[in-house]
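Summary of structural features
For reference, the chains in residue letters:
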Amino acid sequence: MASDAGRMATKADFEQIMRENALDAMAQQSGLLPPMTQAAMHHPQMHHQSSGPGSAKRVRHDSPASTPDDDVRRRGGAASSSKAAAAAAAASTDKNGKGLRHFSMKVCQKVKEKGITSYNEVADELVQEQQMADEMQPDLDDDQPHGPKNIRRRVYDALNVLMAMNIISKEKKEIRWIGLPSSSIQELSALEEAKAKRMESIAKKKAHLQELILQQIAFKNLVKRNARLTSEGKADPANSIHLPFIIVNTNKQTVIDCQMAENKSEYFFDFNMPFEIHDDIEVLKRMGMAFDLENGCCTDEQLEEARSMIPQALSQYLSEMRKSAPSGNRA
């Protein structure tokens, strides 16, 4: 009898707990509680206590009886309270601007402005900015959402999000800006623009390389010419001009005012008529030391001789220079 009374008391306690927490309907559907009887509906707060053998059952009426409508209102009120609390928390997060979305936007902006940066640099700047904004609230510690430790965690998470979206890249400690996602048309336009810039850069470098090749050929031809003149006894050291040099060409009637610095490192010229300035490589070209490759006017024999004066890997540029010259200038 005592064990039966204990089981009855435990069952009654379980029913009481489920009803107090508005879980009686779920318990009935799952079979944990029997369907509610008419008497239970009128007295849902009945509680059976046992004091041992022969003890009488007492019914407590400590609180007014509740109806199913009361349970519905209680559950609805609890749900409304939960939704209100969640909405208040979300509003507080949005108001303070400390959420992951907020830090992702700020981190994205920081990396975009810097181009190349690091985690510590971004985190330190954001912590400093937040501390300046919170200097009027000294009672907030590091455990608050705006504390330095939490900001650094948010920055770390934001960087991972941006890397997953391929907006930034990370190599060791270096973080590099890639760019925001764009449509295929915008991406194609950006690629075409980048290709045009690279082609322009390649053309300039190619022209500079061709100029260096012509200088190499001209200098080697000058050395051969001077050696030949020396061997023939026709070289006159007194009339020699050393490289590098420039030549200024103007009319005979031009009045030239020349001034020179004390250390002879700078010269100032003032012309009252137009003039031309030619550097040493231009003079050597006019002397035919570059085989007129710049004009495409070179013979096959000169082309082969020019190839022997430069590295083999650069010989293809000689043929290109000859083909790119106007057809009227070719030999």
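Reference entry: report on the structure contained in this document.

This paragraph deals with the overall build of the protein chain. The secondary structure content of the protein chain amounts to 11 helices and seven strands. Counting only residues that meet the buried cut, the protein chain has 24% of its 331 residues in that class. When contacts within the protein chain are restricted to residue pairs at least 6 apart in sequence, those whose partners lie at least 24 apart make up 55%. Here the protein chain has roughly 23700 Å² of accessible surface; of this, 54% comes from carbon and sulfur atoms.

We now examine the nonpolar core. In this structure, I213, I217, A218, F291, L293, A306 and L318 are the most contacted members of the largest nonpolar core, which totals 19 residues. Listed by contribution, the elements that provide at least two residues to this core are α8 (184–232), α9 (280–286), α10 (300–307) and α11 (315–324). Sort the elements by how many residues they give to this core and α8 lands first, with five residues. With near-sequence residues (within four places) excluded, A218 lies in contact with I281, L284, M289 and A290. Counting 17 residues, the second largest nonpolar core, distinct from the first, contains V107, V111, I151 and A158.

Next up on the list: the packing of α10 against α11. The relative placement of two packed helices is expressed as an angle between their axes plus a distance between the axes. Viewed as axis vectors pointing N to C, α10 and α11 meet at an angle of 150 degrees, and their least axial separation amounts to 9 Å. Taken together, the axes of α10 and α11 are roughly antiparallel relative to one another. Helix-helix and strand crossings are classified by hand; for α10 and α11 the assignment is right-handed. In contact with D300, L303, A306 and R307 of α10, α11 contributes S315, L318, S319 and R322. Residues belonging to the contact of α10 with α11 are distributed by class as follows: three nonpolar, two polar and three charged.

Another point: the packing of helix α6 (residues 119–133) against helix α7 (residues 148–164). Two elements in contact, α6 and α7, have axes separated by 9 Å at closest approach and are oriented at 135 degrees. Taken together, the axes of α6 and α7 lie oblique to each other. When you trace α6 past α7, the crossing you get is right-handed. Contact residues: Y119, N120, V122, A123, D124, L126, V127, Q130 and Q131 in α6; P148, I151, R152, V155, Y156 and L159 in α7. Here the residues of the contact of α6 with α7 are counted per class, giving 10 nonpolar, three polar and two charged.

What follows deals with the layout of surface pockets. There is about 480 Å³ of room inside the largest pocket. Together, 17 residues line the largest pocket, and R225, N226, N239, S240 and I241 are the ones closest to its centre. Elements represented by at least two residues in the lining of the largest pocket include exactly α8 and α9. With five residues, the single largest contributor to the lining of the largest pocket is α8. Split into classes, the residues belonging to the lining of the largest pocket amount to 10 nonpolar, four polar and three charged.

As a further point, take the state of the cysteines. As enumerated under the stated definition, the model contains zero disulfides in all. Of all cysteine sulfurs in the structure, the one in C297 sits closest to C298, which takes part in no disulfide; the separation is 8.0 Å. A relative accessible area of 1% means that C298 is categorised as buried.

Cut-off values and rules
Residues numbered from 1 in each chain as written. Predicted model: local features only at pLDDT ≥ 70, side-chain atom pairs only at ≥ 80, totals over all residues. Heavy atoms only, no water. Helix = DSSP H or I, 4+ residues; strand = E, 2+ residues; numbered from the N terminus. Buried < 20%, exposed > 50% of the residue type's maximum accessible area, 1.4 Å probe, protein only. Contact = heavy atoms within 4.5 Å. Areas by Shrake-Rupley, 256 points an atom, 1.4 Å probe, with all protein chains shown as cover. Core = buried A, V, L, I, M, F, W, Y, C linked by side-chain atoms within 4.5 Å. Axes fitted to C-alpha atoms, helices over the stretch in contact; angles between N-to-C directions. Parallel < 35°, antiparallel > 145°, perpendicular 65-115°, else oblique. Left-handed = near helix turned anticlockwise from the far one by under 90°. Nonpolar A, V, L, I, M, F, W, Y, C, P; charged D, E, K, R; others polar. 1 Å grid on protein atoms, 1.4 Å probe; cavity = no way out; pocket = protein on both sides within 12 Å on 5 of 7 lines; lining within 4 Å. Points joined across faces, edges and corners; volume = space filled by probe spheres on them. Disulfide = S-S within 2.5 Å.

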